[in-house]
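# Topology and contacts: notes
Chain by chain, the residues:
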Amino acid sequence: MSEGRTSRETDAQPLLRVEDLAMRFPVRRKGLFARRTGWVHAVNGVSIDVKPGEVLGLVGESGCGKTTLGRTIVRSLKPSEGHLYYHQTNGETTDLATLSSAQLRPLQRQIRVIFQDPFSSLNPRMTIRQIVGDPLKASGLASGSELEERVAAMLRRVGLSPGHMSRYPHAFSGGERQRVNIARALIMEPRLVIADEAVSALDVSVRAQVLNLLRDLQDEFDLTYLFISHDMSVVENICDRVAVMYLGKIVEVADTASLYADPQHPYTEALLSAVPKPDPRLRNAGRRIRLSDDFPDPANPPSGCFFHTRCRYSDQDSCVHQRPDLRRVEEGHLAACHYSEKLDLAPAVEPEPEPDSHFRTVSS
Amino acid sequence: MTVEQGSAEPGVLLEIKDLKTHFFLHEGVVRAVDGVRLSVLEGKTLCVVGESGCGKSIMARSILRLIEKPGRIVEGELLWSRKKDSGAAGEPSTERSGQVVPRQDTVDLASLEAGSEELRSVRGAEIAMVFQEPMASLSPMYTVGNQISEAIRLHLPLSKEEAWQRGLELLEHVGIPRAARTMESYPFQLSGGMCQRVMIAIALSCRPRLLIADEPTTALDVTTQARIIDLLRDLQAETGMAMMFITHDLGVVAEAADEVVVMYLGTVVEQASVDDLFHDPQHPYTKALLRSIPKMGSGGRQTLATIRGQVPHPQNRPSGCPFHPRCDFAIPGLCDTVEPPLVQLGPRRVSRCVLHDPALLESHGVTQSPVKETA
């Protein structure tokens, strides 16, 4: 189904190399001249590689810039600065950041988005056939009965009945709509899929179905995912690598297992600690770290390390004055903290109090 | 062994008996809440958990009589035990045929006239509610201080200045920094977490004995969620109020609950203490739900157990047990025809499933309970 797919040969080459990417939005005063009074740095110098065939998680609190980063990668926003080196199927590398919209069009087929809200992301006046088939039709790749067939095949693949093709979105539940969204994203046979909170709005039982579906489709179509989410337990379940964002910057990147078992940035530790653990016996187990609510104003970020205003380990000296670089702490583990080596940060789950607990064996 | 609960035993603050709230639409009747039976103990937290469409929010709104047309409470009792020292306690309680007249200080909220003085003296003062969308629940036209002092003055005989002062103290109490400035702010100037703190402060302004929190943390970040749950727990320890905490997040349940009620399509399918629910679930739906959540620390890229299908539309309610089309243990010919019994498995421990009723199983030729083998 995917001729010309060369990800196996290019394992060394990242599919997408994000370099010093910045996205600024002007803050304007009200009034006739709407004078610009400052900038919001939604994405503030992000560099990261997306490797072919991996699921890269992007986590952080709301307002940290994770969605803006995703939107910049698909170029629904033009980045203010930086590069997006995309490795094409023919072996060439293109900088998406500088292309015009006409030049972008053929490449945008290869990078698709699955949006969060299954209720507002589907046009209520279009049938499922139109919604899923539209990208194919618009790009002239298929029409008539061929279009019909491909839409039917795609719907079947995501677990929907092709017989429902002429229905409108309102006739579907949240989980089914999200399947429609997935079908729409995948019908163009993309290489990179940006899933922006793709399962956050779903019920627990349906969320598991959609997560499993995303994983199966990845194996089948050789996809690479950028999985944007605020849910640390879902991210651990599906991602190979995770990047943690704070105030427009990446503060830690590591393999999932390494990040959860051995976090190197105090912000990651706090995020992990805040996740409610689905076992009442762990209620008071482990260290409880609570961040204060005062998320800094992205238009006026703190000096030094952006996190120092909420960090429990801040030394009030180098943390306040010196901005830490994202640096290698261990093999394949990057963190932006002056004290990564000195701190002993709490893992996602501290050693089990009860190894023979009934609850833990259920999942195996 | 069907449940026979006695009327308001000591320590029960609110008892819901066979509550049915239906919505009468052109397309037919939606039985959003269909025979809910549960009770809230004084000073404890009861979590109501269920997926969207299970009727948990409608049930909570029914308690405060906030159901609007085309919906209404068609059946059932909402027995609220009033404060002994409260002024309205002396009023005669409504007589119901074939029922023991409840204690003098118990009032059936379902029987009160909508908008009546007595209902309004309970709502907001004795039972307060915090809603899901903190931004949407506050008026954008008034300052936080206006809204909080209005709520206070509605129930307490205080002057404007006194109410303002009280509001300020409450904001400080719920952990809002620079409370004086927040009093002067409009909701849009505050973050989601701050708005939810303001909502909690308003809810607590009259020292309620029951706080109903409907998905209070769902719209918030994890870091904020953790702090709001901590705050609610601290406030409960301090004031001794009971909480009904409505959520779809089992992690939040594990953090917050003393007791848990699991709902599915308008009925309670299981009630248990939080430890029993997570470590010894009885109902097939509860078991399936627990299996379908990813657990942190269990390593990545594992396939999750799923529940097949989806929650049916409330208008296409399956016959018999509403869960049977998705249930792995469903017995053909039994589960799709018989309304499952609510079986008492212990003190304050119930499960609504035919598998707990050997007599019923035997009468249908099933000899052993298939649920045991997979536990």
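Turning to the overall build of chain A, a few remarks are in order. If you tally the helices and strands in chain A, you get eleven helices and twelve strands. In terms of overall size, chain A behaves like a compact globule, its C-alpha atoms giving a radius of gyration of 22 Å where 364 residues would be expected to give roughly 21 Å. Overall, chain A is about 65 × 65 × 50 Å in size when its C-alpha atoms are taken along their principal axes. Taken across its 364 residues, chain A has 45% of its residues classed as buried. Summarising the internal contacts of chain A: among those between residues at least 6 apart in sequence, 66% fall at separations of at least 24.

The omega torsion of the bond from Lys69(B) to Pro70(B) falls at 5°, within 30 degrees of zero and hence cis. Inspection of the secondary structure assignment puts Pro70(B) in the loop between helix H1 (56-63) and strand E4 (71-81). One non-glycine residue, Asp222(A), lies in positive phi territory at about 60°. Structurally, Asp222(A) is set in the loop between helix H6 (204-221) and strand E8 (224-228). Given 16 C-beta atoms within a 10 Å radius, Asp222(A) is considered partly exposed. Positive phi, normally seen in glycine, also occurs at Arg178(B), with a value near 50°. Here Arg178(B) lies in the loop between helix H5 (160-173) and helix H6 (179-184). Owing to 11 C-beta atoms within 10 Å, Arg178(B) belongs among the exposed residues under this scheme.

This part is about the pairing of strand E1 (residues 12-25) of chain B. Residues and elements named next belong to chain B. Pairing of E1 with strand E2 (residues 28-41) involves ten bridges; the strand directions are antiparallel. Looking at the pairing, leucine 19 lines up with valine 36 of E2. Counted between consecutive antiparallel strands, the loop separating E1 from E2 contains two residues. Where E1 and E4 come together, eight bridges link them in antiparallel fashion.

With that out of the way, let us pick up the interface of chain A and chain B. The interface of chain A with chain B comprises 45 residues on the first partner and 47 residues on the second. For the side of chain A that touches chain B, the elements supplying multiple residues, two or more each, are H6, helix H7 (232-238), helix H8 (256-261), helix H9 (266-274) and helix H11 (358-362) of chain A. Top element by residues in the side of chain A that touches chain B is H6(A). It accounts for seven residues. Looking at the side of chain A that touches chain B residue by residue, the class counts come to 23 nonpolar, 13 polar and nine charged.

Now for the domain arrangement of chain A. Residues and elements named next belong to chain A. When its domains are assigned, chain A resolves into domain 1 (16-239) and domain 2 (260-351). Domain 1 and domain 2 are separated by 29 Å when their C-alpha centres are compared. With twelve residues of domain 1 at the contact, the number on the domain 2 side is eight residues. When residues of the side of domain 1 that touches domain 2 are traced back to their parent elements, those giving at least two are strand E2 (36-50) and H7. Considering every element that reaches the side of domain 1 that touches domain 2, the biggest residue donor is E2, with five residues. Partitioning the side of domain 1 that touches domain 2 into residue classes produces six nonpolar, four polar and two charged.

Topologically, His248(B) is positioned in the loop between strand E8 (242-247) and helix H9 (250-256). C-alpha separation for the pair His248(B) and Ser298(B), spaced 50 residues apart in sequence, amounts to 22 Å. Among residues more than four places away in sequence, those in contact with His248(B) are Asp203(A), Val204(A), Val49(B), Gly50(B), Glu51(B) and Ser52(B).

Quick look at H5(B) now. Between the first and last C-alpha of H5(B) there are 20 Å, a value that for 14 residues agrees with the 20 Å anticipated at 1.5 Å per step. Just downstream of H5(B), Gly175(B) is the residue with a positive phi angle, here 85°.

Right, let's get into the packing of helix H4 (residues 144-155) of chain B against H5(B). Residues and elements named next belong to chain B. One can describe the packing of H4 onto H5 by two numbers: an axis separation of 8 Å at closest approach and a directional angle of 110°. By the criterion of interaxial angle, the relationship of H4 to H5 is roughly perpendicular. Both H4 and H5 take part in a crossing whose hand is right-handed. From H4, Gly145, Ile148, Ser149, Ile152 and Arg153 reach across to H5, where they touch Lys160, Ala163, Trp164, Arg166, Gly167 and Leu170.

Residue and element names in this part refer to chain A. In spatial order, the strands read E6-E7-E8-E3-E9-E10-E12-E11; together these eight strands make up an open sheet with mixed pairing. Looking at strand neighbours, the two that pair on one side only are strand E6 (111-114) and strand E11 (327-330), the edges of this open sheet. In this sheet, neighbouring strand axes are inclined to one another by 25° on average, regardless of whether the strands run parallel or antiparallel. Summarising the sheet, strand E3 (residues 55-59) and E8 pair through four bridges and their orientation is parallel. Counterpart to valine 55 in the pairing with E8 is tyrosine 225. Docked against the sheet, H9 engages E3, strand E9 (241-246) and strand E10 (249-255), running at close to 105° with respect to E9.

What follows deals with the pairing of E3(A). All names here are of chain A. Counting buried positions along E3 gives five out of five residues, so the element sits mostly inside the fold. Of the two faces of E3, the one carrying Val55, Gly57 and Val59 and the one carrying Leu56 and Leu58 are both buried. The pairing of E3 with E9 spans four bridges and is classified as parallel. Across the sheet, the residue bridging to valine 59 is valine 244, located in E9.

The rules we used
Residues numbered from 1 in each chain as written. Chains lettered and ligands numbered in written order. Predicted model: local features only at pLDDT ≥ 70, side-chain atom pairs only at ≥ 80, totals over all residues. Helix = DSSP H or I, 4+ residues; strand = E, 2+ residues; numbered from the N terminus. Rg over C-alpha atoms; globule rule 2.2 N^0.38 Å. Buried ≥ 20, exposed ≤ 12 C-beta atoms within 10 Å, placed from the backbone. Contact = placed C-beta atoms within 7 Å. Pairing = 2+ DSSP bridges. Nonpolar A, V, L, I, M, F, W, Y, C, P; charged D, E, K, R; others polar. Domains from an automatic or database assignment. Expected span 1.5 Å × (residues − 1). Axes fitted to C-alpha atoms, helices over the stretch in contact; angles between N-to-C directions. Parallel < 35°, antiparallel > 145°, perpendicular 65-115°, else oblique. Left-handed = near helix turned anticlockwise from the far one by under 90°.

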